[in-house]
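What the coordinates show
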Amino acid sequence: MVPSLPDLGMHSVILSLPELDADELVPACEVLCQESFKLWTVAPGQLAELPALLRLFGRRAKIGVHGVTTVEEAVASAAAGAAFVASNYLQPELVAAVPELPVILGGLTPTELRAGMVAGAAAVQLVPNEAFGTSYARTLPDLLAPCPLIASGRVERYQAELWLESGGVAVWPRELVDPDDVLGDTLDDLRATLQTWRLGD
């Protein structure tokens, strides 16, 4: 049986945390929770920070690991407590690395994305989604149905709504949480950005 992704939340948005120390991320993560964004990822190089983030936010958010490229990284992510892992590529070997761990596999063409689902991925992500125009958003989710499809990359706000309206299960605007906003004197800019991305409100 294929493991399921964690709850995608009320906004159906996955957010990548900047590559900062856990203590630098804590205030921003609190804002994410307050604005109801509760599905985050860290990079493989941040696995040492994951246990601290889970201790503080593990009851309010699910945290995965993005950019996984090896079986060893998938195993280490699971050991650190990751809720899921994601690869930008079609790497079926990641699915078998930790059978109970949900895996998101990447691809660009319908054939690649379908192959990811056949391999046992919990979902597939179109990476980078900006490689094609909005017509792709209108047709791809229906073509791949019932595969859970995530649009990932430089997703604009209007494109995010289009992906979800067309049948995508989530969007993943990779650079939405900016390091400068996290480390600034206030978190007002971060909160303002998040409020514009409250899809479904």
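Description of the structure in this document. (Residues numbered from 1 in each chain as written. Predicted model: local features only at pLDDT ≥ 70, side-chain atom pairs only at ≥ 80, totals over all residues. Heavy atoms only, no water.)

1. Some words on the packing of aromatic side chains
Applying the stated criterion across every chain yields a total of 2 aromatic pairs. Ring geometry for W40 and F57: centres 5.5 Å apart, planes at 65°, overall edge-to-face. Of this pair, W40 sits in strand β2 (residues 39-42) while F57 sits in helix α2 (residues 50-57), placing them 17 residues apart in sequence. Note on W40: relative accessible area 0%, which makes it buried. Taking the centre distance of 4.2 Å and the plane angle of 35° together, the rings of F132 and Y136 count as tilted. (Phe/Tyr/Trp six-rings, centres within 6.5 Å; stacked < 30°, edge-to-face > 60°. Helix = DSSP H or I, 4+ residues; strand = E, 2+ residues; numbered from the N terminus. Buried < 20%, exposed > 50% of the residue type's maximum accessible area, 1.4 Å probe, protein only.)

2. Focus on the side chain of S152
Residue placement: S152 occurs in strand β7 (residues 149-153). We classify S152 as buried; its relative accessible area is 0%. A polar side-chain atom of S152 sits 3.0 Å from a polar atom in the side chain of Q125. Non-local contacts of S152, meaning those with residues more than four positions away in its chain, are made with Q125, L126, V127, P128, N129, E130, W172 and R174. (Polar contact = N/O pair within 3.5 Å; in protein donor to acceptor, adjacent residues only side chain to side chain. Contact = heavy atoms within 4.5 Å.)

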